[in-house]
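Residues per chain are reported as follows:
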Amino acid sequence: MKLKTLLLILAIALSGATMFGQSKASELRKKRMQEEQSSEVFAADDEDFNITEIPEKWADESAVVLCQSHTHKYLRNRSTKAIHEQAFRRRIKLNDNAAIDNFDIFYYRYSSLYEESFGIKIIKPDGTEHIVDLEESVEVASNEVPSYFRRSYLERYESSLGRFSFETYKKIAIPNLELGDIIDYYYTSEDFAIVQTAYSYSPLVFTLAGKYPIVKQKFHIAADDLYFISFRNFNGAPEAKPGKPELDKKGRVIPDIRTYTIEDTDREKLHYEYWKYQYLNEPYVKFQANLILKGLIPTTHLLIEDDHLVNDTLDLDNIQNRNTRRKGLITEHVDAIGYMNRYHKNMKNPEKVATEIYYFLRYKFYQNLFFNITSSYQSSYLKADELPIKNHYFTYSFIDLLTKLKIKCKYVIAVDKRYGGFGDVLLADELISGVKVGDRYFFNFTNFTTDEYIPHSVRGSEAIEFRYDKNNKYDKIPITRTTIPAGSYEDNSIEHDITATIADDFSNIKFKSHNTCKGYFKTYYAGIALYSVEYFEQEKKKYDPKYKGPDKPRGNKARIKEINRQKKEEEKERLQKKYEYLKQHHEDDYEIESYDDFKLISDGRSRNAKDLIYDEEFTVNNLLRKAGKNYVIDLGKFIGDQFALEQEDMERRADIHLDYAKCYINKINLKIPVGYKVEGLDAFNVSVVNEKGEFTSVAKIEEGVLKLEVHKKYKVQNALATDWPLFIDFLEEAYNFSQKKAVLKPI
């Protein structure tokens, strides 16, 4: 071997050894820091975390939180580096086996982007303690993490807004848990951002009550002079009070740092109810930290003033001025004017112009989002309710285009109804903007929406509208208060027209279903119905007239043959995956033997095809069983699973808030096998109708076919708690119906 080659091999080997050594050293250093942090946290002088006993009134609760604390510190380094330190600690006592089952696998969040620390300590009933070794932790998908372990309130808030979550989690088994054990655990993190002018941390919105009762909880906020804290408490939550001075590690007071504390004791567990907006009923807190120079406050879109703690109700003029500063163009905005001038120069009707622009922007945005691919397959990976652009980008682009085309329009600002009305607004993200042309509203699109789409989070909510001014001079532009239309249950319906055929050997039942989805049902089902469906082609031909279709494969015959073969394989795989998705969707209602066919009739994405319509075929196993010479049919289950109200659900505390009124329609035609008759059909003729909803069913036999038509309607979006008995009436009837059976008897 030549000397040069030998030296190169040695250099590579030594380099690898050095890297391995450095990696090992880094791991050891991180582990040592973790151990030091755990010792420091668990040894902290905080008498509230010495509590080991629970109040007698909670002796029968599954678990009780003895104490929990949340700390957020917002600091800066040389005015350009914004630092956020947060810490969370909870001590919880396990009272029954259900609690043990909930905590014997423990989940925690971690990130390679931040400085983080996590630790768990188990305190046994006899007082012995041990810290859990996290070496055996394994990574787990975030969607598998139970909600209770999602420590971050930010995650829940962002999830409620339909945002993507990129959090990573690990899990660790905790063996030998027993009744009376106390779990004491903590999480700390530190992250930073380089800030030139202003920076806003994501809001924290959270209820004070949780899954278990809480003996004591406390919140500590510290921020230096350049931070402005937005904070409001609702429904009886404690106020934020000035706290003790912030101290450094040597116990010295740190100047220019303000602190706030919130303390809460004896908090009962959260009372869960169907169709309840927690933030309208439960004690909760909104909180956000903003780093901004005072001189920039008048120009920002943030809902803050000169006070370091902002907790006042905002007037509408302020909301108008602030929200309209949230500008930013969709890049496809530039193409829209040219498109309208080329192909719709003589279009004068304002609503038609607005509609044309809506679809053009949607097409161009999604085409560019997926890198100008000719296929729309990838677009179905986005859920139907996930918005890849912020609503104010859409609003500004849309209203700017209309203004340039001399179309009269209004700026609309609505409040997310889950958080209340304008009197409850504190954070910019609670406001959802849109545009009004004539009597029609236009809101941010998704890949599946049509021009009639209004987010259900603002249906029936408070709103203001006013004339748009491109120079942001709104001092003399009047504001009109209004309410976004709630819509009717008939606008949001799903109809299943089913032909059911019993197998010759009575082993299963074949369903052929013709489905029509309208309104928000269309939005919900589009993600799976349009998966692996090509729908960009038609739009490309319309909006890009020069487009002649997808490029044909090039090369010799062998290469072209191979490319076509690969395309067929890819299509087969996509179709198989689609069938798997659709099968999983139906498994909530039936025991599916096989999913057999799917055909799209209307994609529901255009003004001429606004309903999502598709046919499907699948085979069901669990609806038929032999009983002597007869066969029992679970005919009530043909309409799908119906939830059962428990005894504790019969009483209602909170008002009722559905996301939207809606209607379910099932039309079933079951072919009666030759030589058999049906008995017990009278039980399927039911009718419960009131002002809040209804459940009705009509059953009959015509020409050897059992015909069953069932309607379930939620007629209103909102109702009082005192109206709950009316909901119980039709909900109970629906569940009882789903348990009813008919009998096939030989003639």
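Keep in mind that this is a model prediction, so the values were computed, not measured. (Residues numbered from 1 in each chain as written. Predicted model: local features only at pLDDT ≥ 70, side-chain atom pairs only at ≥ 80, totals over all residues. Heavy atoms only, no water.)

### So, the pairing of strand 26 (residues 624–627)
With four bridges connecting them, strand 26 and strand 27 (residues 630–633) associate as antiparallel partners. What sits directly across from Lys626, in strand 27, is Tyr631. From the end of strand 26 to the start of strand 27, which pair antiparallel, there are two residues, and Gly628 there has a positive phi angle of about 65°. (Pairing = 2+ DSSP bridges. Helix = DSSP H or I, 4+ residues; strand = E, 2+ residues; numbered from the N terminus.)

### Thoughts on the sheet that holds strand 3 (residues 105–110)
Pairing within the open sheet is antiparallel, and its three strands lie in the order 3-7-6. Of all strands in the sheet, those with a lone pairing partner are strand 3 and strand 6 (138–140), marking the two edges. Between one strand and the next, the sheet's axes are offset by a mean angle of 40°, whatever the strand orientation. As paired elements, strand 6 and strand 7 (residues 168–173) share three bridges and run antiparallel to each other. From the neighbouring strand, Glu139 faces strand 7, where its bridge partner is Lys170. (Axes fitted to C-alpha atoms, helices over the stretch in contact; angles between N-to-C directions.)

### Quick word on the pattern of salt bridges
Any two side chains of opposite charge can pair, on the condition that their charged atoms come close. Tallied over the entire structure, the rule returns 47 salt bridges. The closest approach of N and O atoms between Glu539 and Arg362, which form a salt bridge, is 2.8 Å. Of the two residues, Glu539 is situated in helix 10 (residues 536–543) and Arg362 in helix 7 (residues 350–369); the sequence distance between them amounts to 177 residues. For the pair Glu539 and Arg362, a shared accessibility class is recorded, and that class is buried. Arg625 is paired through a salt bridge with Asp634; the nearest N and O atoms lie 3.6 Å apart. Accessibility expressed as a relative area gives 6% for Asp634, which makes it buried. (Salt bridge = Lys/Arg side-chain N within 4 Å of Asp/Glu carboxyl O. Buried < 20%, exposed > 50% of the residue type's maximum accessible area, 1.4 Å probe, protein only.)

### Some thoughts on unusual backbone geometry
With phi around 55°, Asn235 is a residue other than glycine that occupies positive phi space. Along the chain, Asn235 turns up in the loop between strand 12 (227–234) and strand 13 (241–242). Residues other than glycine seldom take positive phi values, yet Glu703 does so here, at roughly 50°. Take Glu703: it is sitting in the loop between strand 32 (693–702) and strand 33 (705–714).

### Here's the deal with the nonpolar core
Formed by 118 residues in total, the largest nonpolar core has its most connected members in Phe398, Leu402, Phe511 and Phe638. The dominant element in this core, judged by the number of residues it contributes, is helix 7, at 10 residues. Once residues within four sequence positions are removed from consideration, Phe398 is found in contact with Ala354, Ile357, Tyr358, Leu361, Val435 and Phe442. (Core = buried A, V, L, I, M, F, W, Y, C linked by side-chain atoms within 4.5 Å. Contact = heavy atoms within 4.5 Å.)

### Structural notes on helix 5 (residues 316–323)
For helix 5, the buried fraction is high: seven of the eight residues fall into the buried class. At the N-terminal boundary of helix 5, the capping side chain belongs to Asp315, with an oxygen 3.2 Å from the backbone nitrogen of Asp317. (Polar contact = N/O pair within 3.5 Å; in protein donor to acceptor, adjacent residues only side chain to side chain.)

### A few points about the side chain of Asp181
Among the secondary structure elements, Asp181 is positioned in the loop between strand 7 and strand 8 (182–194). Only 2.8 Å separates the side chain of Asp181 from the side chain of Lys124, close enough to count as a polar contact.

### With respect to the packing of aromatic side chains
Under the defined criterion, the tally for this structure stands at 69 aromatic pairs. Judged by centre distance (5.0 Å) and plane angle (75°), the ring pair of Tyr531 and Tyr581 falls under edge-to-face. Of this pair, Tyr531 sits in the loop between helix 9 (520–529) and helix 10 while Tyr581 sits in helix 11 (residues 557–586), and the two are 50 residues apart along the sequence. Among the residues examined, Tyr581 registers a relative accessible area of 29% and is labelled partly exposed. Every member of this aromatic cluster is reached through a ring pair, and the members are Tyr274, Trp275, Tyr520, Phe521, Phe643, Tyr660, Tyr664, Tyr714, Trp724, Phe727 and Phe730. One residue, Arg89, lies across the ring of Phe49, its end atom 4.1 Å from the ring centre. The cationic tip of Lys662 hangs over the ring face of Tyr714; the distance from NZ or CZ to the ring centre is 5.2 Å. (Phe/Tyr/Trp six-rings, centres within 6.5 Å; stacked < 30°, edge-to-face > 60°. Lys NZ or Arg CZ within 6 Å of the ring centre and 35° of its normal.)

### Concerning helix 11
Between its terminal C-alpha atoms helix 11 stretches 44 Å, which fits the 44 Å expected from 30 residues at 1.5 Å a residue. For helix 11, the set of buried residues is Ile563, Lys578, Tyr579, Leu582 and His586. Those residues of helix 11 that are buried are in contact with helix 9, strand 24 (592–603) and strand 25 (612–620). (Expected span 1.5 Å × (residues − 1).)

### So, a negative patch on the surface
Together, Glu587, Asp588, Asp589 and Asp641 line one region of the surface with negative charge. In this fold, Asp641 is placed in the loop between strand 27 and strand 28 (656–657). Assessed through its relative accessible area of 57%, Asp641 is described here as exposed. (Patch = residues over 30% accessible without salt bridge, like charges linked within 9 Å, V, L, I, M, F, W, Y side chains within 5 Å. Areas by Shrake-Rupley, 256 points an atom, 1.4 Å probe, with all protein chains shown as cover. Lys, Arg positive; Asp, Glu negative; His and termini not counted. Charge placed at Lys NZ, Arg CZ, Asp CG, Glu CD.)

### Topic: the sheet that holds strand 4 (residues 115–123)
Pairing is mixed across the open sheet formed by eight strands, whose spatial order is 5-4-8-2-1-11-14-13. Edge strands, defined here as strands with exactly one partner in the open sheet, are strand 5 (129–131) and strand 13. By the bridge criterion, 13 bridges tie strand 2 (residues 81–94) to strand 8 in an arrangement that is antiparallel. The residue bridging Arg90 from the neighbouring strand is Tyr185, located in strand 8.

### Quick look at the environment of Leu600
For Leu600, the position within the fold is in strand 24. Along the primary structure Leu600 and Leu530 are separated by 70 residues, whereas in three dimensions their C-alpha atoms are 8.0 Å apart. If sequence neighbours within four positions are ignored, Leu600 has contacts with Leu530, Val533, Leu612, Ile613 and Tyr614.

### Remarks on the environment of Glu351
With respect to the helices and strands, the residue Glu351 is situated in helix 7. Put simply, Glu351 and Arg440 are 89 residues apart on the chain and 7.4 Å apart in space, counted from C-alpha to C-alpha. Beyond its immediate stretch of four places on either side in the chain, Glu351 contacts Val437, Gly438, Asp439, Arg440 and Phe442.

### Observations concerning the pairing of strand 10 (residues 204–207)
What you see with strand 10 is no split at all: Leu204 and Phe206 on one side and Val205 and Thr207 on the other are buried throughout. Pairing between strand 10 and strand 15 (residues 284–292): four bridges, direction antiparallel. Counted as the bridge partner of Leu204 is Phe287 from strand 15.

### Looking at the packing of helix 9 against helix 11
Running from N to C, helix 9 and helix 11 cross one another at 140°; their axes reach a closest spacing of 9 Å. Between helix 9 and helix 11, the angle falls in the class oblique. Judged by residue contacts, Tyr524, Tyr525, Ile528 and Ala529 of helix 9 engage Lys578, Tyr581, Leu582 and His585 from helix 11. (Parallel < 35°, antiparallel > 145°, perpendicular 65-115°, else oblique.)

### Re the confidence of the model for the protein
Taken residue by residue, the protein gives an average pLDDT of 86. The fraction at 70 or more is 88%. This stretch, residues 1–22, has a pLDDT under 50; its non-local contacts, to residues over four places away or in other chains, come to two contacts. A low-confidence stretch, residues 152–166 stays under pLDDT 50, and its non-local contacts, those more than four residues away or across chains, total 33 contacts. (pLDDT = per-residue confidence, 0-100.)

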